[in-house]
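Each chain is listed here by its residues.
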Amino acid sequence: MFDNIVILTGAGISAESGIPVFRSETGLWEQERVEDVATYDGFVRDKKKVHDFYNKMRLSLADKQPNAAHLALTRLQKEWPKTHAGKVSIVTQNIDNLHEKALSEQVIHMHGELMSILCEKCHASYAFAGESSVDTVCENCNSRGHMRPDIVWFGEMPYFMDEIEQLLSKCSLFMSIGTSGVVYPAAGFSQYARSQGATCIEFNLEQSAVVSNFDWGLYGKASETVPAFVDHLLKTGEALKEPKS
Ligand code: NAD
Ligand code: ZN
């Protein structure tokens, strides 16, 4: 019987909502080099370019809607605690806001958020929906020229690691959805959860790079596998082993 559940989501859960995954051929990511737009050195080299890159992505979220996978996780988060002695925590590598649009609660954005901005001077971060630039003034300390996207870039420390480790050490079911398993430390969560006794299941189109850390996987579109899994889990308390055809 399961109690606490931790769900790790990656770019694949948002793909069917029209947000390209990291290594697709159509995404914004493919028009720029990762070193230029997703490292601190790249930001220092050309701040305007990096602000513009994330502005474009932030604006593109306006018409994006959560899909059946995001909505199923919200349902699980709401309904699971009613019948089980445990809670459902969502940890996401995504910087989009689709879990929030699906009305999930307390989503842990370990890689930051497009809808937030960070001041390098006073270290405040706050909700932000507009376009940032090298001239943006900090709402907290009023200084100009110190704002950066609130995104954890390659080489930077992800947010909330202590909290996530705590959650992983106390969960009995770990679900990883739409993540390739190549970006650490998130790629190591399954191994850690399993070492703590959790059942670990991955949801992906294909086996991820860390498939051996999982008890089994459900392969297919997240918008189909996740709702079917959640349905079964809420009805029976047990984890579905085969994707429904
Ligand atoms: P990734 O792009 O490396 O991998 C995506 C994974 O999702 C792949 O394994 C792919 O097989 C799978 N996938 C694609 N479509 C799917 C579907 N419909 N159903 C189920 N699985 C599907 O993503 P990642 O592992 O999250 O790592 C990439 C990094 O880039 C993350 O750190 C993230 O911050 C960032 N990123 C975020 C977004 C976003 O916020 N939506 C988008 C692109 C990249
Ligand atoms: Zn400030």
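Please read all numbers here as calculations on a predicted model, not as lab measurements.

Evaluation of the coordinates by the stated rule reveals 11 salt bridges. The salt bridge involving Arg45 is made with Asp36; its shortest N-O contact spans 3.2 Å. Its salt-bridge partner being Glu79, residue Arg75 comes within 3.6 Å of it at the nearest N-O pair. Placement of both Arg75 and Glu79 in helix 5 (residues 68-83) is noted, with a separation of 4 residues, approximately one turn of the helix. Taking the relative accessible area as the measure of exposure, Arg75 reaches 33% and is therefore partly exposed. Members of the salt-bridge network, linked through shared partners, are Arg33, Glu35, Asp36 and Arg45.

Counted residue by residue, strand 8 (residues 199-204) has 5 buried out of 6 residues, so it is predominantly covered. Sheet analysis places strand 7 (residues 173-177) next to strand 8, joined by 5 bridges and oriented parallel. Opposite Phe174, over in strand 8, you have Cys200 as the bridge partner.

Okay, the environment of Asp215 next. Inspection of the secondary structure assignment puts Asp215 in the loop between strand 8 and strand 9 (216-219). By relative accessible area, Asp215 is classed as partly exposed at 35%. Not counting the four nearest positions on each side in its chain, Asp215 is found in contact with Arg194, Ala198, Thr199 and Cys200. One polar contact links Asp215 to Arg194, side chain to side chain, over a distance of 3.3 Å. Engagement of the side chain of Asp215 in a polar contact is seen with the backbone nitrogen of Cys200, the distance being 2.7 Å.

Here Glu202 is to be found in strand 8. Buried charge without a partner: Glu202 forms no salt bridge, and the closest opposite charge is Arg194, 11 Å away. If near-sequence neighbours (up to four positions away) are discounted, Glu202 is found in contact with Ser176, Gln207, Ser208, Val211, Phe214, Trp216, Gly217, Leu218 and Tyr219.

Pairing is parallel in the open sheet, where 6 strands are placed in the order 3-2-1-7-8-9. Strands at the two margins of the open sheet, each flanked by one partner only, are strand 3 (108-109) and strand 9.

On to the domain arrangement of the protein. In terms of domains, the protein is made up of domain 1 (5-18 + 66-111 + 159-236) and domain 2 (40-62 + 114-151). In this structure, domain 1 and domain 2 have C-alpha centres spaced 28 Å apart. The interface of domain 1 with domain 2 comprises 6 residues on the first partner and 9 residues on the second. Both faces combined, the contact of domain 1 with domain 2 buries some 560 Å², and carbon together with sulfur accounts for 53% of it. Three residues stand out in domain 1 for area buried against domain 2, namely Ile95, Asn97 and Tyr159, and they jointly supply 67% of the buried area on that side. Here domain 1 and domain 2 share 0 salt bridges between them. Among the residues forming the side of domain 1 that touches domain 2, the class breakdown is 2 nonpolar, 2 polar and 2 charged.

Right, let's get into the nonpolar core. Membership of the largest hydrophobic core comes to 27 residues, with the highest contact counts inside it found for Ile5, Ile7, Leu76, Met175, Ile177, Val226 and Phe229. Of all the secondary structure elements, the ones that give two or more residues to this core are strand 1 (5-9), helix 5, strand 2 (88-92), strand 7, strand 8 and helix 9 (222-236). Considering every element that reaches this core, the biggest residue donor is helix 9, with 7 residues. Residues in contact with Val226, not counting those within four places in the same chain, are Ala69, Ala72, Leu73, Ile177 and Phe203. Leu8, Ile108, Leu168 and Phe189 belong to the second largest nonpolar core, which has 18 residues in total.

Right, let's get into the sheet that holds strand 5 (residues 125-127). Read from one edge of the open sheet, 3 strands run 5-4-6, paired in antiparallel fashion. A single partner strand is all that each edge strand has here, and the edge strands are strand 5 and strand 6 (147-151). Within the sheet, the average angular offset between the axes of one strand and its neighbour, ignoring direction, is 40 degrees. Sheet analysis places strand 4 (residues 112-119) next to strand 6, joined by 4 bridges and oriented antiparallel.

Analysis parameters
Residues numbered from 1 in each chain as written. Chains lettered and ligands numbered in written order. Predicted model: local features only at pLDDT ≥ 70, side-chain atom pairs only at ≥ 80, totals over all residues. Heavy atoms only, no water. Salt bridge = Lys/Arg side-chain N within 4 Å of Asp/Glu carboxyl O. Helix = DSSP H or I, 4+ residues; strand = E, 2+ residues; numbered from the N terminus. Buried < 20%, exposed > 50% of the residue type's maximum accessible area, 1.4 Å probe, protein only. Pairing = 2+ DSSP bridges. Contact = heavy atoms within 4.5 Å. Polar contact = N/O pair within 3.5 Å; in protein donor to acceptor, adjacent residues only side chain to side chain. Lys, Arg positive; Asp, Glu negative; His and termini not counted. Domains from an automatic or database assignment. Buried area = accessible area lost by both parts, 1.4 Å probe. Nonpolar A, V, L, I, M, F, W, Y, C, P; charged D, E, K, R; others polar. Core = buried A, V, L, I, M, F, W, Y, C linked by side-chain atoms within 4.5 Å. Axes fitted to C-alpha atoms, helices over the stretch in contact; angles between N-to-C directions.

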